[in-house]
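# A closer look at the structure
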Amino acid sequence: MTDDKKSSGFSRRSFLQGSAVLCAGLGLSRLDLFGLSDGFLADQAMSGTYTPFDKTATLTYNVCGRNCHDTCSLISEKVNGRLVRLVGDPSNPITAGTPCVKGHTHLNVLYHPDRLLHPMKRAGKKGEGKWEQISWNEAYDIIGKRFKEIIASDGGEAIVPYTFSGTFGQLQEWGVPMRFFNKIGASTIQRDVCLWAGLEALSYTYGTPFGSEPEDYAKSKCFVAWGSNEAYTNVHAVKFINQARENGGKLVVINPHRNPLASQADMFIQPRPGTDAALALGVAKVLIDENLYDKDFVEKYTVGFDKLKAKVQQYPLPKVAKMTGVPESQIVEFARLYAKSKQSMIRMGYGMQRRKNGGTLIRAISLLPPLIGAPGVDGGGFAYVALDHWPLDMDYMQRPDLLAGRKVREINMNEVGKALTGELPTTKQKPIKGLFVFSGNPIPSGGNVNLTRKGLLREDLFTVVFDQFVTDTADYADVLLPAAHMFECEEINADYLGRYVRYNKPAVPPMGESKSNVQVFHELARHMGYTDDCFNETEADIIKKALNKKDPAFKDITYESLNEKHWFHVDLGRPFADHKFKTPSGKIEFYSEALGKKGFDPVAEYVPDMESIEASPELYTKYPIHLVTPASAQLLSSQWHNVPYIQQVLIEPTITINKADAAARGIKTGDFVEVFNDRGKVRLKAKVSASAVKPGVAMSYKSYWEKLTGGNTINRLALDENADMNGGATLSTNLVQVAKA
Ligand SMILES: Nc1nc2c(c(=O)[nH]1)N[C@H]1C(S)=C(S)[C@@H](COP(=O)(O)OP(=O)(O)OC[C@H]3O[C@@H](n4cnc5c(=O)[nH]c(N)nc54)[C@H](O)[C@@H]3O)O[C@H]1N2
Ligand SMILES: Nc1nc2c(c(=O)[nH]1)N[C@H]1C(S)=C(S)[C@@H](COP(=O)(O)OP(=O)(O)OC[C@H]3O[C@@H](n4cnc5c(=O)[nH]c(N)nc54)[C@H](O)[C@@H]3O)O[C@H]1N2
Ligand SMILES: [Mo]
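Since the structure is predicted, the reported quantities are computational estimates derived from the model, not experimental observations.

Moving on: the sheet that holds strand S12 (residues 344-348). Strand order in the open sheet formed by 5 strands is S10-S9-S8-S12-S13, and the pairing between neighbours is parallel. Edge positions in the sheet fall to strand S10 (267-269) and strand S13 (381-383), since each of these pairs with one other strand and no more. For this sheet, the mean inter-axis angle between neighbouring strands, taken without regard to orientation, is 20 degrees. In the sheet, S12 pairs with S13 via 3 bridges, with the strands oriented parallel. Residue pairing for S13: Met345 is matched across the bridge by Gly381. Together, strand S8 (222-226), strand S9 (250-254), S10 and S12 form the strand contacts of helix H18 (residues 328-339), whose direction differs from that of S10 by roughly 130 degrees.

Here's what the structure looks like:
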């Protein structure tokens, strides 16, 4: 029936023991109990993990490998060669039997009538959407010939890949495609759109950005969802937060937008966007002034406390209240609640650090856990991301040695529009001539999409788009290549919520002529005459060779065990339980020389965001509303927008504004409004609220498709800069004006 024989994990074993006791008591064999005789289905049913819908179905263990914290473990059922049902793997402690709304509708993506099934070449003007079907051979001929011409005339660096979150798999997305680009000496793409500024900021404090796992949230006495949106962006975290509350823990939400969790929180703090560093320093001042900090921890495990103590004097509460819009009394109340127990956890989201001041903002927040002695404590410390459990050797997969000593330039994906239009000094000097977009979608998921469009319209730019659908970006391609869906490909996924490694087995063959990323880049390399052995490897070859065999934490993960168990929890222990920190001093650094050397305040400071009343008063006069553009519940960046079922539940393109701003502009709920800044203009429906956002703030969900909204994606307005740290994104740094349409 299937080669996936067993379900995985401890829950299976413990249930089997339980069922044996139950059966013995009833005088039944365990199989009788389930009315099943043998084979995989009986095994599944007995394990208590999964009862298939159709007894004749073939089951495959899959992964929702889209770019989402949770990265769900899934089980698909196949009948007559077609997937008919999909459930969350009940044995996986995070997925626990159910994916989110998007995961539930994966089959609608897989079998979408608009799936791109054949290679195409452009048959009209760029952006016109006219195509002619071609064979793979012809597609490879066209791409290979054009790339070779570009390499001969301008060098490999004139070609750039653009990629991010189509699959987020280690193999198909982060790893193997880079072999091809290294071989041709293409410019490197800095894949910094997402959470990058925070990674650097946290490293100054702790020596690593990798924090606690969701299982630990449940042990929290005070869980602080600071700039995160669990109910939408990582729904499986909510269960653990609820467990904490059932155990008497408090929930605090800090967010300019009253998101679902905020409405249920014990305390909701609603700062002005981009001012969280001031808030954190104000909280630190209360902790120090009121002697609520952990002197023992501070003395033993930190450096620079005196400098922090001096620094917070610059943040008296009246000043902080003015900067942030948070009342003084609430700052004090929060500090006291937070310091009540060391089992206080701050979970930082990524939306808030996609700002020009995103790094300094995360750095300031990161100083709070050590003040109360929380790092290393059960249910205490911080959570941001876990990426330290990737099992595959990146060098093996990406093969940087194929560069053969060539030093290539880096293009930051956050500036793709500027890069394509020659607005960056490097691309002005040496223009981009070839662009290969795969597993990414700059229109509408990047910033300033009007500028990106201008770049993509360049007649002298050769663009390949490799996707499952004819996306907004695909409209500007010269060649379109059909990508296989993840259920059609082999992949290893590591989540970024906890520390799970998951194996995704192909459940069905690729539809039409679609192919996996690995297949396409290997075939293209061979077609272009590159004879390196690596381009002949299959996915299985690569996984077998690239699996981490050195680190004992990964010792149980082999190709065979992945096939058998489907997912693993990588046990790296509780972060900081040993009180060892990989900073230059070996301690938590309230004062960081490395940070100072980069030109930042070595402790922390509130740096007004690039577009704000303080930093750009003239711009503020024109555009007095801070626009935040977080993730919607039903889309994954731009993905799923073209799925009819999702369209029925997705909120139409809307902007939420405060009633004071609405009244001043004569706007009522349901009115159409124009939202604009120097980067563009969109027409959206207004939703007026007394409290969802404060006056001077607006919210509209990110990355709706241009062609499904009549050209009204909010990403037209999003800032396309690099954040202060690590080349991060600035998609949340937006001043706009709103006017009745
Ligand atoms: N449903 C769904 N899930 C997703 C995604 C999706 O598109 N849809 N995207 C996935 C991806 S790529 C990522 S990176 C993650 C992101 O996961 P999250 O970081 O949880 O989500 P975001 O929506 O980016 O931003 C979180 C929150 O930041 C708030 N915020 C914005 N500016 C500020 C600020 O200045 N201060 C504070 N305190 N808060 C602020 C927003 O209001 C928002 O509620 O989610 C992943 N999961
Ligand atoms: N306004 C605003 N915009 C934002 C953000 C924000 O906060 N505000 N957040 C940003 C964040 S956090 C992120 S991570 C980015 C995401 O940015 P992107 O990764 O560029 O965006 P996606 O829309 O996820 O596009 C992924 C594309 O890959 C395709 N795809 C899926 N699977 C495969 C595959 O197996 N192979 C190939 N070749 N293609 C595949 C999908 O169909 C889709 O078109 O968006 C950013 N956009
Ligand atoms: Mo992201």
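What follows deals with the site of ligand 2. Neighbouring ligand 2 are 30 residues; Ser165, Arg354, Ser445, Asp467 and Ser638 lie closest to it. Within the backbone of Asn441, one N or O atom sits 2.7 Å away from an oxygen atom of ligand 2. Between ligand 2 and Gln639 there is a distance of 2.8 Å, counted from an oxygen atom to a side-chain nitrogen or oxygen. Computed on the free molecule, ligand 2 has an accessible area of 930 Å², of which 97% lies beneath the protein chains in the complex.

Further remarks concern the confidence of the model for the chain. Confidence in the prediction for the chain averages 93 pLDDT; 93% of positions are at 70 or higher. A low-confidence stretch, residues 1-46 (pLDDT under 50), is modelled with 79 contacts involving residues beyond four sequence positions or located in other chains.

Let's shift gears to the packing of helix H6 (residues 136-154) against helix H26 (residues 517-527). Closest axis-to-axis distance for the H6/H26 pair is 10 Å, and the angle between their directions is 65 degrees. Remark: the crossing between H6 and H26 carries right-handed chirality. Together, Trp136, Asn137, Tyr140, Asp141, Ile143 and Gly144 of H6 and Gln519, Val520, Glu523, Leu524 and His527 of H26 make up the contact between the two elements. Within the contact of H6 with H26, the residues separate by chemical class into 5 nonpolar, 4 polar and 2 charged.

Neighbouring residues of ligand 1: 35 residues in total, closest Asn255, Gly274, Asp276, Tyr350 and Leu635. Taking Arg355, its side chain carries an N or O atom lying 3.0 Å from an oxygen atom of ligand 1. Within the contact set of ligand 1, an oxygen atom lies 2.8 Å away from a backbone nitrogen or oxygen of Ser637. Burial of ligand 1 by the surrounding chains reaches 98%, relative to a free accessible area of 900 Å². Partitioned by chemical class, the residues of the shell around ligand 1 number 16 nonpolar, 14 polar and 5 charged.

Let us now look at unusual backbone geometry. Look at the link from Ile443 to Pro444: it is a cis peptide, with omega at 15 degrees. Even without being glycine, His566 reaches a positive phi, approximately 75 degrees. In this fold, His566 is placed in the loop between helix H28 (559-565) and strand S20 (567-569). Residue classification places His566 among the buried residues on the basis of a relative accessible area of 3%. Its identity as a non-glycine residue notwithstanding, Ser703 has a phi of 60 degrees, on the positive side. Tracing the chain through its elements places Ser703 in the loop between strand S26 (697-699) and strand S27 (734-740).

In this section: the nonpolar core. Trp226, Phe334, Leu368, Leu371 and Tyr384 are the most contacted members of the largest nonpolar core, which totals 104 residues. It is helix H14 (residues 276-289) that provides the largest number of residues to this core, a total of 10 residues. For Tyr384, the residues in contact, after removing those within four places along its chain, are Leu195, Gly198, Leu199, Leu202, Pro209, Met348, Gly349, Tyr350, Gln353 and Ile362. Within the second largest apolar cluster, 31 residues are counted, among which are Ile134, Ala158, Ala483 and Phe535.

As a further point, take the sheet that holds strand S22 (residues 625-628). Taken in spatial order, the 6 strands close into a barrel running S22-S26-S23-S25-S24-S27, and their pairing is mixed. Within this sheet the neighbouring strands show an average axis-to-axis angle of 45 degrees, counted without direction.

Glancing now at the pattern of salt bridges. This model, assessed by the stated rule, comprises 45 salt bridges. The salt bridge partner of Lys121 is Glu138, with a shortest N-O separation of 3.1 Å. With Lys121 in strand S4 (residues 120-122) and Glu138 in helix H6, this pair connects stretches of sequence that are 17 residues apart. For Lys121, a relative accessible area of 24% gives the class partly exposed. Residue class for Glu138 comes out partly exposed when judged on its relative accessible area of 31%. Across the pair Glu706 and Arg453 runs a salt bridge whose closest N-O atoms are separated by 2.6 Å. Of this pair, Glu706 sits in the loop between S26 and S27 while Arg453 is found in helix H25 (residues 449-456), placing the two residues 253 residues apart along the sequence. Since its relative accessible area comes to 5%, Glu706 is described here as buried. One salt-bridge network, held together by shared partners, links Asp216, Lys219, Asp378 and Arg574.

In the structure shown here, the tally under the stated rule is 36 aromatic pairs. Judged by centre distance (6.3 Å) and plane angle (85 degrees), the ring pair of Tyr623 and Phe676 falls under edge-to-face. Pair noted here: Tyr623 is in the loop between helix H30 (617-622) and S22 and Phe676 is in strand S24 (residues 672-677), with a separation of 53 residues, a long-range link. Among the aromatic residues, those joined into a cluster by ring pairs are Phe147, Phe180, Phe181, Phe436, Phe438, Phe462, Phe466 and Phe521.

A few words now on helix H12 (residues 236-246). Those residues of H12 lying buried are His236, Ala237, Val238, Phe240, Ile241 and Ala244. Turning to H12, the residues buried within the fold contact helix H10 (214-217), S8, helix H11 (230-233), S9 and helix H13 (260-264). Where H12 ends, the next residue or the one after it, Gly248, has phi of about 95 degrees, a positive value.

Here the focus is the side chain of Asn229. By the element assignment, Asn229 lies in the loop between S8 and H11. The contacts of Asn229, once residues within four sequence positions are left out, are Asn234, Asn259, Pro260 and Ala631.

Looking now at H6. Its 19 residues give H6 an end-to-end C-alpha distance of 26 Å, which sits within 8% of 27 Å, the value for a rise of 1.5 Å per residue. Taken together, the buried positions of H6 are Trp136, Ala139, Tyr140, Ile143, Gly144, Phe147 and Ile150. For H6, the angular spread of buried residues about the axis comes to 130 degrees, placing them on one side. Along H6, exposed side chains directed more than 90 degrees from the buried face belong to Lys145, Ala152 and Ser153. Tucked inside the fold, the buried residues of H6 contact strand S6 (159-162), helix H8 (177-184), strand S15 (434-438), strand S16 (462-467), strand S17 (479-482) and H26. Positive backbone phi, at 90 degrees, marks Gly155, one or two positions downstream of H6.

H26 packs onto H8 with a crossing angle of 25 degrees between their chain directions and a minimal axis gap of 8 Å. One way to sum up the angle between H8 and H26 is to call them roughly parallel. Crossing angle aside, the handedness with which H8 passes H26 is left-handed. Residues Pro177, Arg179, Phe180 and Phe181 of H8 pack against Asn517, Phe521, His522, Leu524 and Ala525 of H26.

Rules used in this analysis
For every chain, the first residue of the written sequence is number 1, and numbering continues from 1 along that sequence. Think of it this way: whatever chain is written first is A, whatever ligand is written first is 1, and the rest follow in order. Thresholds applied to this predicted model are a pLDDT of at least 70 for local features of residues and 80 or more for the giving and counting of side-chain atom pairs; totals over whole chains, interfaces and linings are not thresholded and use all residues. Derived side-chain values reflect all non-hydrogen atoms in the structure, with water molecules and hydrogen atoms excluded from consideration. Should DSSP find at least two bridges between two strands, the strands are regarded as paired. Under the DSSP-based scheme used, a helix requires at least four consecutive residues in state H or I and a strand at least two consecutive residues in state E, with every element numbered from the N terminus. Angles run from 0 to 180 degrees between N-to-C directions of axes, and those axes are lines fitted to C-alpha atoms, restricted for helices to the stretch in contact. Contacts are assigned to residue pairs with any non-hydrogen atoms lying within 4.5 Å of each other. One heavy atom within 4 Å of a molecule or strand is enough for the residue carrying it to be called near that molecule or strand. N or O atoms within 3.5 Å of each other form a polar contact, as long as, within protein, one can give a hydrogen and the other can take it, and as long as residues adjacent in sequence are counted only when both atoms are side-chain atoms. Only the protein chains shown count as covering a residue, and every accessible area follows the Shrake-Rupley method with a 1.4 Å probe. The pLDDT score gives, residue by residue, the confidence of the prediction method on a 0 to 100 scale. Here a crossing is taken to be left-handed if its near helix is turned anticlockwise relative to the far helix by less than a right angle, and right-handed if that turn runs clockwise. Side-chain classes are defined by residue name, with Ala, Val, Leu, Ile, Met, Phe, Trp, Tyr, Cys and Pro counting as nonpolar, Asp, Glu, Lys and Arg as charged, and the others, Gly among them, as polar. Three labels apply to residues, based on accessible area from a 1.4 Å probe with only protein chains included: buried if under 20% of the type maximum, exposed if over 50%, partly exposed otherwise in between. What makes a nonpolar core is a set of buried Ala, Val, Leu, Ile, Met, Phe, Trp, Tyr and Cys residues whose side-chain atoms join them at distances within 4.5 Å. By definition here, a salt bridge exists when the distance from a side-chain nitrogen of Lys or Arg to a carboxyl oxygen of Asp or Glu is within 4 Å. Working definition: a ring pair exists when centres of Phe, Tyr or Trp rings (six-membered ring for Trp) sit within 6.5 Å. Plane angles under 30 degrees give stacked, over 60 give edge-to-face, the rest tilted. Helix span, expected: 1.5 Å multiplied by one less than the number of residues in the helix. This arc is taken over the directions from the axis of the helix to the C-beta atoms. The labels follow the angle: roughly parallel below 35 degrees, roughly antiparallel above 145, roughly perpendicular from 65 to 115, and oblique for the rest.

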